[in-house]
Amino acid sequence: MNIDQIEKKIESLQQSSIRLEPDEAKRKEDFNSFQNYSNGFLNKVNDLPAFVADYEGKENFDNYPFKEKGTSPEEIIEFLGENVDRAGINPASGGHIGYIPGGGIYSAAMGDYLAAAMNRYSGVFYASPGAVRIENQIIDWVAELIGYSDGYGGNLASGGSMANLIAITAARKAKKIKSRDIDTSVVYITQQVHHCVTKALRILGLDEIIIRKVPMDSNYKMNTTKLDELVKKDKEDGLNPFLVVGSAGSTDVGAIDPIAEIAEVSEKHDLWFHVDGAYGGFFILSDEVKDKFKGIERADSVILDPHKGLFLPYGVGVVIVKNIDYLLEANSYDANYMQDTRDHRQEYSPADLSPELSRHFRGLRMWLPLKLHGIEPFRDCLDEKIWLTRYFYEKVQKLGFEVGPEPELSVAAFRFNHPDLDNNEINKKLLQKIHNDGRVFISSTTLDGQFWMRIAVLSFRTRKWHLDVILDLLEEGVAEAIPAQS
Ligand SMILES: *Cc1c(COP(=O)(O)O)cnc(C)c1O
(Lines give C-alpha, C1' and ligand atoms only; values in the text may rest on other atoms or scores of the structure.)
Protein backbone atom coordinates (compact mmCIF):
# COMPACT_ATOMS: atom_id res chain seq x y z
CA MET A 1 0.00 0.00 0.00
CA ASN A 2 1.18 3.49 -0.74
CA ILE A 3 0.69 6.41 1.65
CA ASP A 4 -2.48 7.50 -0.19
CA GLN A 5 -4.09 4.15 0.26
CA ILE A 6 -3.01 3.97 3.88
CA GLU A 7 -4.61 7.34 4.54
CA LYS A 8 -7.83 6.22 2.87
CA LYS A 9 -7.84 3.06 4.91
CA ILE A 10 -7.40 5.04 8.15
CA GLU A 11 -10.10 7.45 7.08
CA SER A 12 -12.63 4.70 6.57
CA LEU A 13 -11.76 2.96 9.83
CA GLN A 14 -12.21 6.23 11.69
CA GLN A 15 -15.75 6.51 10.40
CA SER A 16 -16.46 3.40 12.38
CA SER A 17 -14.21 3.78 15.43
CA ILE A 18 -15.49 7.30 16.12
CA ARG A 19 -18.64 5.66 17.45
CA LEU A 20 -16.65 4.97 20.61
CA GLU A 21 -16.45 8.72 21.17
CA PRO A 22 -20.00 10.04 21.51
CA ASP A 23 -20.44 13.81 21.40
CA GLU A 24 -21.85 15.74 24.32
CA ALA A 25 -25.46 15.44 23.19
CA LYS A 26 -25.12 11.66 22.90
CA ARG A 27 -23.23 11.42 26.20
CA LYS A 28 -26.03 13.26 27.93
CA GLU A 29 -28.67 11.14 26.30
CA ASP A 30 -27.02 7.86 27.27
CA PHE A 31 -26.16 9.07 30.75
CA ASN A 32 -29.73 10.18 31.21
CA SER A 33 -31.03 6.74 30.30
CA PHE A 34 -28.74 4.92 32.66
CA GLN A 35 -29.22 7.44 35.42
CA ASN A 36 -32.99 7.16 35.11
CA TYR A 37 -32.58 3.44 35.48
CA SER A 38 -30.50 3.70 38.65
CA ASN A 39 -32.78 6.41 40.05
CA GLY A 40 -35.82 4.26 39.43
CA PHE A 41 -34.10 1.43 41.27
CA LEU A 42 -33.02 3.58 44.20
CA ASN A 43 -36.41 5.28 44.51
CA LYS A 44 -38.00 1.95 45.25
CA VAL A 45 -35.04 0.17 46.83
CA ASN A 46 -36.86 -0.21 50.14
CA ASP A 47 -39.85 -1.85 48.50
CA LEU A 48 -37.80 -4.30 46.46
CA PRO A 49 -37.23 -7.75 47.94
CA ALA A 50 -33.91 -8.25 49.69
CA PHE A 51 -33.76 -11.80 48.38
CA VAL A 52 -35.23 -13.53 45.33
CA ALA A 53 -34.39 -17.23 45.12
CA ASP A 54 -34.58 -17.54 41.35
CA TYR A 55 -31.61 -19.17 39.65
CA GLU A 56 -33.21 -19.76 36.26
CA GLY A 57 -32.52 -17.70 33.15
CA LYS A 58 -29.17 -18.84 31.79
CA GLU A 59 -30.75 -19.09 28.35
CA ASN A 60 -31.49 -15.35 28.39
CA PHE A 61 -27.74 -14.78 28.29
CA ASP A 62 -27.20 -17.49 25.68
CA ASN A 63 -29.81 -15.75 23.53
CA TYR A 64 -28.24 -12.35 23.99
CA PRO A 65 -24.76 -12.64 22.48
CA PHE A 66 -22.45 -9.74 21.64
CA LYS A 67 -23.03 -8.59 18.09
CA GLU A 68 -21.15 -6.52 15.54
CA LYS A 69 -23.61 -3.68 15.83
CA GLY A 70 -24.58 -1.98 19.06
CA THR A 71 -27.97 -1.61 20.61
CA SER A 72 -29.96 1.01 22.54
CA PRO A 73 -29.60 1.86 26.24
CA GLU A 74 -33.29 1.01 26.63
CA GLU A 75 -32.82 -2.54 25.42
CA ILE A 76 -29.77 -3.00 27.63
CA ILE A 77 -31.57 -1.55 30.65
CA GLU A 78 -34.46 -3.90 30.15
CA PHE A 79 -32.08 -6.84 30.02
CA LEU A 80 -30.23 -5.75 33.16
CA GLY A 81 -33.46 -5.15 35.04
CA GLU A 82 -34.68 -8.64 34.29
CA ASN A 83 -31.45 -10.63 34.39
CA VAL A 84 -29.08 -8.88 36.77
CA ASP A 85 -30.75 -6.48 39.17
CA ARG A 86 -33.53 -8.78 40.28
CA ALA A 87 -32.63 -12.32 41.41
CA GLY A 88 -30.36 -13.31 44.25
CA ILE A 89 -29.48 -11.10 47.19
CA ASN A 90 -30.13 -7.39 46.76
CA PRO A 91 -27.10 -5.81 48.47
CA ALA A 92 -28.48 -2.31 48.00
CA SER A 93 -31.53 -3.17 50.12
CA GLY A 94 -31.61 -2.17 53.78
CA GLY A 95 -33.18 -5.59 54.21
CA HIS A 96 -29.83 -7.22 53.48
CA ILE A 97 -28.90 -8.23 56.99
CA GLY A 98 -27.05 -11.45 56.14
CA TYR A 99 -23.32 -12.21 55.77
CA ILE A 100 -21.69 -8.77 56.07
CA PRO A 101 -23.52 -6.13 54.03
CA GLY A 102 -22.58 -2.50 53.36
CA GLY A 103 -25.21 -1.13 51.02
CA GLY A 104 -23.27 0.97 48.52
CA ILE A 105 -23.66 4.71 48.99
CA TYR A 106 -24.56 6.65 45.88
CA SER A 107 -21.80 9.23 46.21
CA ALA A 108 -19.25 6.43 45.74
CA ALA A 109 -20.86 5.68 42.38
CA MET A 110 -20.14 9.27 41.40
CA GLY A 111 -16.54 8.82 42.50
CA ASP A 112 -16.34 5.74 40.30
CA TYR A 113 -17.95 7.61 37.44
CA LEU A 114 -15.42 10.43 37.59
CA ALA A 115 -12.53 8.01 38.03
CA ALA A 116 -13.59 6.11 34.94
CA ALA A 117 -14.50 9.14 32.82
CA MET A 118 -11.12 10.81 33.39
CA ASN A 119 -9.32 7.49 33.64
CA ARG A 120 -6.40 8.77 35.73
CA TYR A 121 -3.67 6.18 36.16
CA SER A 122 -3.47 5.58 39.89
CA GLY A 123 -0.75 2.92 39.92
CA VAL A 124 2.28 5.15 39.62
CA PHE A 125 3.05 8.59 41.06
CA TYR A 126 4.73 9.75 37.87
CA ALA A 127 1.59 9.04 35.85
CA SER A 128 -0.81 10.82 38.16
CA PRO A 129 0.53 12.52 41.26
CA GLY A 130 -2.99 13.64 42.12
CA ALA A 131 -4.61 10.20 41.93
CA VAL A 132 -1.81 8.71 44.00
CA ARG A 133 -2.08 11.52 46.55
CA ILE A 134 -5.83 10.87 46.84
CA GLU A 135 -5.02 7.30 47.75
CA ASN A 136 -2.17 8.21 50.08
CA GLN A 137 -4.38 10.70 51.86
CA ILE A 138 -6.86 7.89 52.53
CA ILE A 139 -4.09 5.61 53.78
CA ASP A 140 -2.89 8.39 56.11
CA TRP A 141 -6.40 8.91 57.44
CA VAL A 142 -6.93 5.20 58.13
CA ALA A 143 -3.45 4.85 59.65
CA GLU A 144 -4.24 7.70 62.00
CA LEU A 145 -7.55 6.06 62.95
CA ILE A 146 -5.74 2.92 64.04
CA GLY A 147 -3.06 4.93 65.78
CA TYR A 148 -0.02 4.36 63.58
CA SER A 149 2.52 7.14 63.22
CA ASP A 150 5.36 7.55 60.70
CA GLY A 151 6.86 4.72 58.75
CA TYR A 152 3.70 2.83 57.80
CA GLY A 153 2.52 2.10 54.30
CA GLY A 154 -0.71 0.91 52.82
CA ASN A 155 -2.78 0.16 49.82
CA LEU A 156 -6.33 0.23 48.56
CA ALA A 157 -6.91 -3.28 47.35
CA SER A 158 -10.08 -4.66 45.82
CA GLY A 159 -11.36 -6.11 49.08
CA GLY A 160 -10.54 -7.76 52.37
CA SER A 161 -9.24 -10.98 50.87
CA MET A 162 -6.68 -9.17 48.75
CA ALA A 163 -5.81 -6.88 51.65
CA ASN A 164 -5.15 -9.89 53.89
CA LEU A 165 -3.03 -11.46 51.15
CA ILE A 166 -0.91 -8.31 50.90
CA ALA A 167 -0.47 -8.11 54.68
CA ILE A 168 0.51 -11.76 55.01
CA THR A 169 2.97 -11.40 52.13
CA ALA A 170 4.61 -8.55 54.06
CA ALA A 171 4.64 -10.72 57.19
CA ARG A 172 6.38 -13.48 55.30
CA LYS A 173 9.04 -11.04 54.06
CA ALA A 174 9.51 -9.54 57.51
CA LYS A 175 9.95 -12.92 59.15
CA LYS A 176 12.09 -14.22 56.28
CA ILE A 177 10.15 -17.42 55.73
CA LYS A 178 12.11 -19.15 52.99
CA SER A 179 10.88 -22.28 51.22
CA ARG A 180 12.95 -24.48 53.47
CA ASP A 181 11.33 -22.91 56.56
CA ILE A 182 7.74 -23.51 55.57
CA ASP A 183 7.05 -26.84 57.21
CA THR A 184 8.57 -25.74 60.52
CA SER A 185 6.91 -22.32 60.71
CA VAL A 186 3.70 -21.81 62.65
CA VAL A 187 0.66 -19.58 62.17
CA TYR A 188 -1.83 -19.02 65.00
CA ILE A 189 -5.48 -18.35 64.29
CA THR A 190 -8.80 -19.23 65.88
CA GLN A 191 -11.60 -21.23 64.38
CA GLN A 192 -13.40 -17.87 63.90
CA VAL A 193 -10.79 -16.44 61.54
CA HIS A 194 -12.11 -15.66 58.06
CA HIS A 195 -11.37 -18.39 55.53
CA CYS A 196 -9.57 -15.93 53.24
CA VAL A 197 -6.65 -15.96 55.71
CA THR A 198 -5.93 -19.65 55.17
CA LYS A 199 -6.70 -19.15 51.49
CA ALA A 200 -4.02 -16.42 51.41
CA LEU A 201 -1.53 -18.85 52.97
CA ARG A 202 -2.36 -21.34 50.23
CA ILE A 203 -1.99 -18.73 47.46
CA LEU A 204 1.36 -17.72 48.93
CA GLY A 205 2.59 -21.29 48.64
CA LEU A 206 2.49 -21.77 52.38
CA ASP A 207 0.16 -24.80 52.31
CA GLU A 208 2.61 -26.81 54.36
CA ILE A 209 2.93 -24.28 57.13
CA ILE A 210 1.73 -25.45 60.55
CA ILE A 211 -1.61 -23.90 61.51
CA ARG A 212 -2.55 -23.87 65.18
CA LYS A 213 -6.15 -23.21 66.06
CA VAL A 214 -5.93 -21.36 69.34
CA PRO A 215 -8.79 -22.21 71.74
CA MET A 216 -11.39 -19.51 72.32
CA ASP A 217 -13.34 -18.41 75.37
CA SER A 218 -17.11 -18.79 75.56
CA ASN A 219 -17.52 -15.54 73.59
CA TYR A 220 -15.49 -16.90 70.67
CA LYS A 221 -12.46 -14.74 71.42
CA MET A 222 -8.90 -15.98 71.31
CA ASN A 223 -7.66 -17.29 74.63
CA THR A 224 -4.28 -15.58 74.90
CA THR A 225 -3.03 -17.71 77.79
CA LYS A 226 -3.43 -20.69 75.48
CA LEU A 227 -1.78 -18.74 72.66
CA ASP A 228 1.22 -18.05 74.87
CA GLU A 229 1.43 -21.73 75.89
CA LEU A 230 1.21 -22.93 72.30
CA VAL A 231 3.93 -20.56 71.13
CA LYS A 232 6.21 -21.54 74.01
CA LYS A 233 5.72 -25.21 73.34
CA ASP A 234 6.37 -24.76 69.62
CA LYS A 235 9.58 -22.89 70.37
CA GLU A 236 10.72 -25.63 72.73
CA ASP A 237 10.03 -28.13 69.98
CA GLY A 238 12.33 -26.23 67.65
CA LEU A 239 9.57 -24.79 65.49
CA ASN A 240 9.39 -21.25 64.19
CA PRO A 241 6.33 -19.32 65.42
CA PHE A 242 5.75 -16.69 62.78
CA LEU A 243 2.33 -15.08 62.59
CA VAL A 244 -0.77 -14.60 64.69
CA VAL A 245 -4.02 -13.35 63.17
CA GLY A 246 -6.64 -11.73 65.34
CA SER A 247 -10.12 -10.68 64.26
CA ALA A 248 -11.44 -7.21 65.01
CA GLY A 249 -14.98 -8.32 64.45
CA SER A 250 -15.27 -11.92 63.29
CA THR A 251 -17.63 -12.51 60.39
CA ASP A 252 -19.52 -15.26 62.16
CA VAL A 253 -20.40 -13.73 65.53
CA GLY A 254 -18.72 -10.33 65.41
CA ALA A 255 -16.24 -11.19 68.17
CA ILE A 256 -13.28 -8.92 68.74
CA ASP A 257 -10.23 -10.83 69.90
CA PRO A 258 -8.38 -9.37 72.91
CA ILE A 259 -6.14 -7.19 70.79
CA ALA A 260 -3.86 -5.74 73.47
CA GLU A 261 -3.28 -9.20 74.98
CA ILE A 262 -2.40 -10.69 71.60
CA ALA A 263 -0.03 -7.76 71.03
CA GLU A 264 1.60 -8.59 74.36
CA VAL A 265 2.17 -12.23 73.42
CA SER A 266 3.39 -11.34 69.92
CA GLU A 267 5.89 -8.82 71.24
CA LYS A 268 7.14 -11.29 73.80
CA HIS A 269 7.70 -14.00 71.19
CA ASP A 270 8.51 -11.82 68.21
CA LEU A 271 5.51 -12.88 66.15
CA TRP A 272 3.99 -10.83 63.37
CA PHE A 273 0.59 -9.69 64.62
CA HIS A 274 -2.01 -9.16 61.93
CA VAL A 275 -5.48 -7.81 62.66
CA ASP A 276 -8.32 -8.66 60.30
CA GLY A 277 -10.73 -5.77 60.71
CA ALA A 278 -12.47 -6.29 57.37
CA TYR A 279 -15.86 -6.33 59.04
CA GLY A 280 -15.31 -4.44 62.28
CA GLY A 281 -12.37 -2.12 61.64
CA PHE A 282 -14.25 1.07 60.82
CA PHE A 283 -16.25 0.82 64.06
CA ILE A 284 -13.15 2.42 65.54
CA LEU A 285 -14.84 5.64 64.39
CA SER A 286 -17.60 5.03 66.94
CA ASP A 287 -17.16 6.42 70.44
CA GLU A 288 -19.61 3.73 71.51
CA VAL A 289 -17.16 0.87 70.88
CA LYS A 290 -13.75 2.29 70.04
CA ASP A 291 -12.24 1.16 73.36
CA LYS A 292 -12.63 -2.42 72.17
CA PHE A 293 -9.89 -1.75 69.62
CA LYS A 294 -7.31 -0.72 72.21
CA GLY A 295 -3.90 -2.03 71.31
CA ILE A 296 -4.59 -2.21 67.57
CA GLU A 297 -1.76 0.29 67.06
CA ARG A 298 0.59 -2.43 68.31
CA ALA A 299 -0.34 -4.75 65.44
CA ASP A 300 2.15 -5.10 62.58
CA SER A 301 -0.59 -4.94 60.00
CA VAL A 302 -4.30 -4.24 59.86
CA ILE A 303 -6.97 -4.52 57.19
CA LEU A 304 -10.38 -2.82 57.01
CA ASP A 305 -13.10 -3.08 54.36
CA PRO A 306 -14.65 0.23 53.32
CA HIS A 307 -17.18 -1.78 51.32
CA LYS A 308 -18.45 -3.00 54.65
CA GLY A 309 -17.87 -0.45 57.41
CA LEU A 310 -17.97 2.67 55.24
CA PHE A 311 -20.91 1.42 53.18
CA LEU A 312 -19.11 1.75 49.83
CA PRO A 313 -20.06 -0.44 46.88
CA TYR A 314 -18.05 -3.65 46.57
CA GLY A 315 -14.49 -3.29 45.41
CA VAL A 316 -12.26 -1.74 48.04
CA GLY A 317 -10.28 -3.07 51.01
CA VAL A 318 -7.59 -1.17 52.91
CA VAL A 319 -4.36 -2.75 54.14
CA ILE A 320 -1.93 -0.87 56.37
CA VAL A 321 1.45 -2.23 57.39
CA LYS A 322 3.27 -0.58 60.25
CA ASN A 323 6.65 -0.76 58.56
CA ILE A 324 6.39 0.14 54.88
CA ASP A 325 9.73 -1.53 54.12
CA TYR A 326 8.15 -4.97 54.12
CA LEU A 327 5.47 -3.90 51.67
CA LEU A 328 8.15 -2.48 49.42
CA GLU A 329 10.31 -5.54 49.76
CA ALA A 330 7.41 -7.74 48.68
CA ASN A 331 6.03 -5.59 45.87
CA SER A 332 8.34 -2.95 44.49
CA TYR A 333 10.00 -3.58 41.20
CA ASP A 334 11.89 -1.98 38.44
CA ALA A 335 11.86 -2.60 34.71
CA ASN A 336 13.43 -0.95 31.72
CA TYR A 337 10.10 0.20 30.36
CA MET A 338 9.44 1.94 33.68
CA GLN A 339 12.67 3.95 33.61
CA ASP A 340 10.91 7.31 33.13
CA THR A 341 9.18 6.91 36.47
CA ARG A 342 12.43 6.62 38.42
CA ASP A 343 13.00 10.32 38.88
CA HIS A 344 9.55 10.78 40.35
CA ARG A 345 9.48 8.62 43.38
CA GLN A 346 9.21 11.27 46.06
CA GLU A 347 5.84 9.85 47.10
CA TYR A 348 4.97 6.18 47.27
CA SER A 349 3.15 4.55 44.39
CA PRO A 350 0.49 1.85 44.84
CA ALA A 351 2.32 -0.27 42.28
CA ASP A 352 5.26 -0.54 44.69
CA LEU A 353 3.04 -1.57 47.57
CA SER A 354 0.73 -4.16 46.04
CA PRO A 355 0.69 -6.87 43.36
CA GLU A 356 -1.20 -4.59 40.95
CA LEU A 357 0.23 -2.27 38.33
CA SER A 358 -2.63 -0.90 36.23
CA ARG A 359 -5.73 -0.74 38.33
CA HIS A 360 -9.01 0.97 38.96
CA PHE A 361 -8.57 4.43 40.48
CA ARG A 362 -10.49 3.23 43.52
CA GLY A 363 -9.32 6.01 45.78
CA LEU A 364 -11.91 8.40 44.39
CA ARG A 365 -14.93 6.27 45.35
CA MET A 366 -13.82 6.57 48.97
CA TRP A 367 -12.31 10.05 48.99
CA LEU A 368 -15.27 11.75 47.33
CA PRO A 369 -17.92 10.50 49.81
CA LEU A 370 -15.72 11.41 52.79
CA LYS A 371 -15.35 14.93 51.36
CA LEU A 372 -18.93 15.31 50.26
CA HIS A 373 -20.64 14.08 53.44
CA GLY A 374 -17.90 14.60 56.03
CA ILE A 375 -17.02 11.91 58.55
CA GLU A 376 -19.89 12.60 60.95
CA PRO A 377 -22.72 10.79 59.12
CA PHE A 378 -20.52 7.72 58.75
CA ARG A 379 -19.85 7.71 62.49
CA ASP A 380 -23.54 8.21 63.29
CA CYS A 381 -24.58 5.52 60.86
CA LEU A 382 -22.21 3.05 62.55
CA ASP A 383 -23.64 4.00 65.95
CA GLU A 384 -27.15 3.58 64.60
CA LYS A 385 -26.27 0.04 63.45
CA ILE A 386 -24.85 -0.79 66.89
CA TRP A 387 -28.06 0.34 68.57
CA LEU A 388 -30.28 -1.44 66.05
CA THR A 389 -28.42 -4.64 66.85
CA ARG A 390 -28.86 -4.09 70.58
CA TYR A 391 -32.55 -3.44 69.99
CA PHE A 392 -32.92 -6.71 68.11
CA TYR A 393 -30.89 -8.63 70.69
CA GLU A 394 -33.28 -7.51 73.46
CA LYS A 395 -36.45 -8.03 71.45
CA VAL A 396 -35.60 -11.49 70.17
CA GLN A 397 -35.00 -12.70 73.72
CA LYS A 398 -38.45 -11.39 74.65
CA LEU A 399 -39.80 -13.73 71.95
CA GLY A 400 -38.20 -16.61 73.83
CA PHE A 401 -35.14 -17.09 71.62
CA GLU A 402 -31.73 -18.14 72.86
CA VAL A 403 -29.04 -15.66 71.90
CA GLY A 404 -25.32 -15.93 71.27
CA PRO A 405 -22.75 -13.64 72.89
CA GLU A 406 -23.82 -10.08 73.57
CA PRO A 407 -23.16 -8.20 70.33
CA GLU A 408 -19.84 -6.37 70.38
CA LEU A 409 -20.64 -4.47 67.21
CA SER A 410 -23.51 -5.27 64.89
CA VAL A 411 -23.67 -9.06 64.54
CA ALA A 412 -25.91 -11.21 66.73
CA ALA A 413 -26.70 -14.92 66.66
CA PHE A 414 -29.97 -16.41 67.86
CA ARG A 415 -31.98 -19.63 67.75
CA PHE A 416 -35.21 -21.07 69.02
CA ASN A 417 -35.23 -24.03 71.38
CA HIS A 418 -38.16 -26.19 72.31
CA PRO A 419 -37.99 -29.38 74.39
CA ASP A 420 -40.36 -31.28 72.06
CA LEU A 421 -38.88 -30.27 68.73
CA ASP A 422 -35.76 -30.90 66.67
CA ASN A 423 -34.16 -27.55 67.26
CA ASN A 424 -31.92 -27.47 64.19
CA GLU A 425 -34.97 -28.36 62.13
CA ILE A 426 -37.21 -25.63 63.51
CA ASN A 427 -34.52 -22.97 63.13
CA LYS A 428 -33.94 -23.97 59.51
CA LYS A 429 -37.68 -23.64 58.98
CA LEU A 430 -37.71 -20.20 60.53
CA LEU A 431 -34.87 -19.11 58.26
CA GLN A 432 -36.68 -20.55 55.24
CA LYS A 433 -39.77 -18.58 56.20
CA ILE A 434 -37.75 -15.37 56.20
CA HIS A 435 -36.20 -16.24 52.84
CA ASN A 436 -39.59 -17.07 51.34
CA ASP A 437 -40.94 -13.74 52.50
CA GLY A 438 -38.00 -11.95 50.86
CA ARG A 439 -38.39 -8.50 52.42
CA VAL A 440 -35.30 -9.11 54.52
CA PHE A 441 -32.39 -11.46 54.05
CA ILE A 442 -30.45 -13.05 56.90
CA SER A 443 -27.99 -15.93 56.91
CA SER A 444 -27.13 -18.78 59.24
CA THR A 445 -24.05 -20.34 60.75
CA THR A 446 -23.01 -23.35 62.76
CA LEU A 447 -21.71 -22.78 66.28
CA ASP A 448 -20.57 -25.74 68.34
CA GLY A 449 -22.37 -28.05 65.95
CA GLN A 450 -25.70 -26.22 66.26
CA PHE A 451 -27.59 -24.29 63.61
CA TRP A 452 -27.91 -20.60 64.44
CA MET A 453 -29.46 -17.70 62.59
CA ARG A 454 -27.56 -14.46 62.64
CA ILE A 455 -28.12 -10.85 61.77
CA ALA A 456 -25.37 -8.53 60.54
CA VAL A 457 -26.59 -4.96 60.58
CA LEU A 458 -24.23 -2.98 58.40
CA SER A 459 -26.11 -1.78 55.37
CA PHE A 460 -26.40 1.96 55.79
CA ARG A 461 -30.02 1.59 54.65
CA THR A 462 -31.06 -0.82 57.41
CA ARG A 463 -33.67 0.79 59.66
CA LYS A 464 -35.62 -0.34 62.67
CA TRP A 465 -38.56 -1.54 60.58
CA HIS A 466 -36.35 -4.09 58.81
CA LEU A 467 -35.55 -5.67 62.15
CA ASP A 468 -39.22 -5.54 63.13
CA VAL A 469 -40.01 -7.50 59.96
CA ILE A 470 -37.63 -10.24 61.12
CA LEU A 471 -39.07 -10.21 64.63
CA ASP A 472 -42.63 -10.45 63.28
CA LEU A 473 -41.75 -13.35 60.99
CA LEU A 474 -39.98 -15.16 63.83
CA GLU A 475 -42.96 -14.71 66.13
CA GLU A 476 -45.31 -15.98 63.43
CA GLY A 477 -43.01 -18.88 62.60
CA VAL A 478 -42.75 -19.98 66.20
CA ALA A 479 -46.53 -19.86 66.60
CA GLU A 480 -46.86 -22.08 63.51
CA ALA A 481 -44.25 -24.54 64.78
CA ILE A 482 -45.84 -24.96 68.20
CA PRO A 483 -49.59 -24.48 67.77
CA ALA A 484 -50.23 -26.28 71.05
CA GLN A 485 -48.89 -23.25 72.89
CA SER A 486 -52.07 -21.17 72.50
C1 LIG B 1 -15.62 -9.96 54.59
C2 LIG B 1 -14.46 -10.40 55.36
C3 LIG B 1 -13.27 -10.77 54.74
C4 LIG B 1 -13.15 -10.89 53.24
O5 LIG B 1 -13.24 -9.65 52.65
P6 LIG B 1 -13.70 -9.48 51.13
O7 LIG B 1 -13.78 -8.00 50.99
O8 LIG B 1 -15.03 -10.15 51.01
O9 LIG B 1 -12.68 -10.10 50.28
C10 LIG B 1 -12.18 -11.06 55.53
N11 LIG B 1 -12.27 -11.02 56.87
C12 LIG B 1 -13.40 -10.69 57.51
C13 LIG B 1 -13.43 -10.66 59.00
C14 LIG B 1 -14.55 -10.37 56.78
O15 LIG B 1 -15.68 -10.05 57.41
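Since we're looking at a predicted model, the values are computed, not measured. (Residues numbered from 1 in each chain as written. Predicted model: local features only at pLDDT ≥ 70, side-chain atom pairs only at ≥ 80, totals over all residues. Heavy atoms only, no water.)

Student: Which parts of the structure should I look at to understand the pattern of salt bridges?
Tutor: Under the criterion given, the structure shown has 30 salt bridges. A salt bridge links arginine 212 to aspartate 234, with the nearest nitrogen and oxygen atoms 2.9 Å apart. Here the residue arginine 212 occupies a position in strand 5 (residues 210–213), and aspartate 234 occupies one in helix 9 (residues 224–236), the gap between them amounting to 22 residues. For aspartate 237, the salt bridge identified is with lysine 233, shortest N-O distance 2.7 Å. In this structure, a network of salt bridges that share partners links the residues Glu135, Glu356, Arg359 and Arg362. (Salt bridge = Lys/Arg side-chain N within 4 Å of Asp/Glu carboxyl O. Helix = DSSP H or I, 4+ residues; strand = E, 2+ residues; numbered from the N terminus.)

Student: Whenever I open this one, the domain arrangement of the protein confuses me. Can you help?
Tutor: A common measure of how large an interface is: the accessible area buried when the components associate. If you check the domain split of the protein, you get domain 1 (111–373) and domain 2 (376–485). Measuring from the centre of the C-alpha atoms in domain 1 to the corresponding centre in domain 2 gives 31 Å. Counting from both sides, the interface comprises 29 residues of domain 1 and, opposite them, 21 residues of domain 2. Roughly 2400 Å² is buried in total at the junction of domain 1 and domain 2, and carbon and sulfur atoms are behind 64% of that figure. On the domain 1 side of the contact with domain 2, Phe283, Glu288 and Phe311 bury the most area, a combined 28% of that side's loss. At the junction of domain 1 with domain 2, the criterion picks out three salt bridges. For lysine 292, the salt bridge is made with glutamate 408, and the minimal N-O distance between the two is 3.2 Å. Viewed at the interface, domain 2 and domain 1 are joined by 13 residue pairs in polar contact (both at pLDDT 80 or more). At the level of elements, helix 11 (306–309) and helix 13 (364–373) are the ones that each hand at least two residues to the side of domain 1 that touches domain 2. Per element, the largest residue contribution to the side of domain 1 that touches domain 2 is three residues, and it comes from helix 13. Among the residues making up the side of domain 1 that touches domain 2, the classes are represented as 14 nonpolar, nine polar and six charged. (Domains from an automatic or database assignment. Contact = heavy atoms within 4.5 Å. Buried area = accessible area lost by both parts, 1.4 Å probe. Polar contact = N/O pair within 3.5 Å; in protein donor to acceptor, adjacent residues only side chain to side chain. Nonpolar A, V, L, I, M, F, W, Y, C, P; charged D, E, K, R; others polar.)

Student: Explanation requested: the site of the ligand in the structure shown.
Tutor: Taken together, 14 residues are adjacent to the ligand, and Gly160, Ser161, Asp276, Asp305 and Lys308 come closest. Taking aspartate 305, its side chain carries an N or O atom lying 2.6 Å from an oxygen atom of the ligand. One nitrogen or oxygen atom from the side chain of histidine 307 is found 2.7 Å from an oxygen atom belonging to the ligand. Those elements that provide at least two residues to the shell around the ligand are helix 7 (160–174) and helix 11. (Near = heavy atom within 4 Å.)

Student: What is the right way to look at the packing of aromatic side chains in this model?
Tutor: Inspection of the entire model under this criterion finds 13 aromatic pairs. On the basis of an interplanar angle of 75° and a centroid distance of 5.8 Å, the ring pair of tryptophan 272 and tyrosine 326 is categorised as edge-to-face. You can see tryptophan 272 sitting in strand 7 (residues 272–277) and its partner tyrosine 326 sitting in helix 12 (residues 324–331), a full 54 residues away along the chain. Geometrically, the ring pair formed by phenylalanine 311 and phenylalanine 378 is stacked, given 6.3 Å between the ring centres and 5° between the ring planes. Here phenylalanine 378 lies in helix 14 (residues 376–398) and phenylalanine 311 lies in the loop between helix 11 and strand 9 (317–321), a separation of 67 residues in the sequence. Each member of the pair, phenylalanine 311 as well as phenylalanine 378, carries the same accessibility label: buried. Grouping aromatic residues by their ring pairs yields a cluster made of Phe392, Phe401, Phe414 and Phe416. Cation over ring: arginine 390 sits above tryptophan 387, and NZ or CZ is 4.4 Å from the ring centre. (Phe/Tyr/Trp six-rings, centres within 6.5 Å; stacked < 30°, edge-to-face > 60°. Buried < 20%, exposed > 50% of the residue type's maximum accessible area, 1.4 Å probe, protein only. Lys NZ or Arg CZ within 6 Å of the ring centre and 35° of its normal.)

Student: Any chance you could explain the environment of valine 302 here in plain terms?
Tutor: Residue position: valine 302 is located in strand 8 (residues 301–304). As a C-alpha pair, valine 302 and serine 247 span 55 residues in sequence and 9.7 Å in three-dimensional space. In contact with valine 302, not counting residues within four places along its chain, are Ile146, Tyr148, His274, Val275, Ile296, Val318, Val319 and Ile320.

Student: What's the story with the sheet that holds strand 3 (residues 153–157) in this structure? I'm lost.
Tutor: Strand-to-strand pairing in sheets goes through backbone hydrogen bonds, with the strands running parallel or antiparallel. Taken together, seven strands build an open sheet; the order of strands is 3-9-8-7-6-4-5 and the sheet is mixed. Since the sheet does not close on itself, it has two edges, and those belong to strand 3 and strand 5, each with one partner. Strand-to-strand twist across the sheet, computed as the mean angle between neighbouring axes with direction ignored, equals 15°. Each of strand 4 (185–189), strand 5 and strand 6 (240–247) touches helix 9; the most contacted strand, strand 4, lies at about 175° to it. Helix 10 (residues 259–269) rests against strand 6 and strand 7 of the sheet, and its axis sits at about 160° to strand 7. (Pairing = 2+ DSSP bridges. Axes fitted to C-alpha atoms, helices over the stretch in contact; angles between N-to-C directions.)

Student: So what exactly am I meant to see when it comes to the packing of helix 9 against helix 10 here?
Tutor: Each pair of packed helices gets described by two things: the angle between the helix axes and the distance between those axes. Viewed as axis vectors pointing N to C, helix 9 and helix 10 meet at an angle of 15°, and their least axial separation amounts to 9 Å. Considering the angle they form, helix 9 stands roughly parallel to helix 10. For the element pair helix 9 and helix 10, the recorded crossing hand is right-handed. Where helix 9 abuts helix 10, its residues Thr224, Leu227, Asp228, Val231, Lys232 and Lys235 lie against Glu261, Ile262, Val265, Lys268 and His269. Its residues assigned to classes, the contact of helix 9 with helix 10 comprises four nonpolar, two polar and five charged. (Parallel < 35°, antiparallel > 145°, perpendicular 65-115°, else oblique. Left-handed = near helix turned anticlockwise from the far one by under 90°.)

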